[in-house]
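# Coordinate inspection notes
One-letter residues, chain by chain:
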Amino acid sequence: MKRSVAIGWGSYLPEKMVTNEELAERVDTSDEWIVERTGISRRHVAAEGELTSDLAVAASEKALASAGIEGSDIDLIVLATATPDETFPATATTVQARLGMTGGAAFDVQAVCTGFIYAISVADNFVRAGQAERVLVIGAETFSRILDWEDRATCVLFGDGAGALVLEAQDGNGANTDRGILTTHLRSDGRYHDMLYVDGGPSSTQTAGFLRMRGREVFRHAVTNLAETVGEAVSAAGLELHDIDWVVPHQANKRIIDGTARKLGLTGDKVILTVDRHANTSAASVPLALVDGIEAGKIKRDDIVLLEAMGGGFTWGSCLMRW
Ligand code: UT7
């Protein structure tokens, strides 16, 4: 059978950094409140005129370079974003052109903070079906553009960034000793729309709108949903929770990350944490953390790596891979 093995990775954060203290000058908040409730100390914000596609291209160029290949060697781009450059065409096609890829296909997927898990799952299924050989999977966001900067309950939580992974079809024997993606699990439940949404869109208001969230409710569902999807992934792969070497969680809130790890009986030293430096970058959060873990020398060949995320919709999901 075909396995999707990661052969390249890269990430990009906009140059401009905004600290909690700077936000406290704009809204009624404090560094102490933000750190205590979320674990966030700072976030990166895209410069004026810097678009989601710019962030995606920067991360992708690094991913292609680390794989030792060119854009023309890719036959599929799956880009996860909730903040596309334009309503259409897909930001993935803009990235495709800028990477010099004239064949294959490129499209966006939209699952907000779970976007990268959805994108990697779609990519893996293309590989397993024999329809793609090399896939560039990207998570890229400019959430700063859909934040209500007057709303202290949301504007302190998010940041901008991008991460990318090159997956290659390689032969495996179907056992959990194979390298590459072992299993992916996607879930959604649209009844929870009002907990986390954007109050605009081309069809409803003809504007992009601003993010609205009932944080406490999202928090309540997050730990339960994440623990459930991690359990599903581990058992589908015929593994145990203690087999996981690294958890790469969606970086929304350190308390959610800690709570999920505790519920699963996983120790903190197995969890990659970037929320303090990146805040919540939605679909970019998991690939940014993954690349951070690789570049810090933590994630190594043959490690069992678990990716998990939860976001608006609700959507949630997991991906288990042998690195
Ligand atoms: O990516 C997936 C989507 N997002 C998430 O996963 C986020 C999930 N939710 C959370 O992370 C947390 O619920 C928050 C960080 C959003 C909020 O933390 P919390 O401990 O649930 O606080 P809360 O919403 O219960 O608010 C507590 C108090 C409130 O004041 P009162 O009503 O108790 O007087 C808020 O008005 O904190 C107040 N508050 C703030 N105070 C200072 C809310 N935001 C701020 C702020 N600074 N930035």
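Calculation rules
Note on numbering: residues in each chain are counted from 1, in written sequence order. Reporting of local features is limited, given that this is a predicted model, to residues whose pLDDT is at least 70; pairs of side-chain atoms are given and counted only at 80 or more, and all residues count toward the totals for whole chains, interfaces and linings. In computing side-chain values, all of the structure's heavy atoms are included and hydrogens and water are not. The secondary structure listing takes helices from DSSP runs of H or I that are at least 4 residues long and strands from runs of E that are at least 2 residues long, numbered from the N terminus. Between buried and exposed lies partly exposed: a residue is buried under 20% and exposed over 50% of the maximum accessible area for its type, with that area taken using a 1.4 Å probe on protein chains only. Note: two strands are recorded as paired if DSSP finds a minimum of 2 bridges between them. Per-residue confidence from the prediction method is given by pLDDT, with values spanning 0 to 100. Where each domain begins and ends follows an automated or database-derived domain assignment. In what follows, residue pairs with any heavy atoms lying within 4.5 Å of each other are defined as contacts. As used here, buried area is the combined drop in accessible area, with a 1.4 Å probe, of two parts when they are placed together. Throughout this document, a residue counts as near a molecule or strand when at least one of its heavy atoms sits within 4 Å of that molecule or strand. Here a polar contact is taken to be a pair of N or O atoms separated by no more than 3.5 Å, where protein atoms must pair a possible hydrogen donor with a possible acceptor and residues adjacent in sequence count only if both atoms sit in side chains. Using the Shrake-Rupley algorithm and a 1.4 Å probe, accessible areas are obtained, with residue cover drawn only from the displayed protein chains. Ring pairs are drawn from Phe, Tyr and Trp, using the six-membered ring of Trp, whenever the two centres fall within 6.5 Å, and their geometry is named by plane angle: stacked under 30 degrees, edge-to-face over 60, tilted for the rest.

### Things to note about unusual backbone geometry
Note the cis peptide between Phe88 and Pro89, where omega equals 0°. Of note, Pro89 is situated in the loop between β4 (76-80) and α4 (91-98). Cis rather than trans, the peptide bond between Gly313 and Phe314 has omega equal to -10°. As for its placement among the helices and strands, Phe314 is situated in the loop between β12 (304-311) and β13 (315-322). Non-glycine residue Ala279 carries a positive phi angle of around 60°. Mapping Ala279 onto the fold places it in the loop between α9 (275-278) and α10 (285-295). In the Ramachandran plot, Asp302 falls in the positive-phi region, its phi being about 75° despite a non-glycine side chain. With respect to the secondary-structure elements, Asp302 resides in the loop between α10 and β12.

### Description of the pairing of β13
Burial within β13 is extensive, with eight of its eight residues counted as buried. Burial of β13 is two-sided: the residues Thr315, Gly317, Cys319 and Met321 facing one way and the residues Trp316, Ser318, Leu320 and Arg322 facing the other way are all buried. Sheet analysis places strand β8 (residues 180-188) next to β13, joined by eight bridges and oriented antiparallel. By the bridge assignment for β13, Arg187 is matched with Trp316. Relative to β13, β12 is paired through eight bridges, and the arrangement is antiparallel. Note that in β13 the partner of Leu306 across the bridge is Leu320. Once β12 ends, the chain turns through three residues before running back antiparallel as β13, passing Gly313 with a positive phi of about 140°.

### Brief notes about the confidence of the model for the protein
Taken over all residues, the pLDDT of the protein has a mean of 97, while the share at 70 or more is 100%. Across the protein, element-level confidence peaks in β4 with a mean pLDDT of 99 and bottoms out in helix α8 (residues 254-264) with 95.

### Some thoughts on the domain arrangement of the protein
By the assigned domains, the protein splits into domain 1 (2-171) and domain 2 (180-322). Of note, the centres of domain 1 and domain 2, computed from C-alpha atoms alone, are 14 Å apart. Contacts between the two partners involve 52 residues from domain 1, matched on the other side by 48 residues from domain 2. Counting the surface lost from both domain 1 and domain 2, the interface buries some 3800 Å², and carbon and sulfur atoms represent 66% of this.

### What about the site of the ligand?
The local shell around the ligand holds 23 residues, among which Thr29, Arg37, Arg216, His250 and Asn253 are the closest. A distance of 3.2 Å separates an oxygen atom of the ligand from a polar side-chain atom of Arg255. Asn280 has a polar side-chain atom sitting 2.8 Å from an oxygen atom of the ligand. Relative to its unbound accessible area of 950 Å², the ligand is 76% covered by the protein chains. For the shell around the ligand, the secondary structure elements donating two or more residues are α2 (31-38), α6 (152-155), α7 (215-236) and α8.

### Thoughts on the packing of aromatic side chains
A complete count under the given rule lists four aromatic pairs for this structure. Between Phe107 and Phe126 the ring centres are 6.2 Å apart and the planes differ by 45°, which places this aromatic pair in the tilted class. In this pair, Phe107 sits in strand β5 (residues 105-109) while Phe126 sits in helix α5 (residues 115-128), placing the two residues 19 residues apart along the sequence. For Phe107, a relative accessible area of 25% gives the class partly exposed.

### Here we look at the environment of Asn173
Structurally, Asn173 can be placed in the loop between β7 (160-171) and β8. Classification of Asn173 by relative accessible area gives exposed; the value is 60%. Counting along the chain gives 15 residues from Asn173 to Ser188, while the straight-line C-alpha distance between them is 31 Å. A polar contact is formed between the side chain of Asn173 and the backbone nitrogen of Ala175, at a distance of 2.9 Å.

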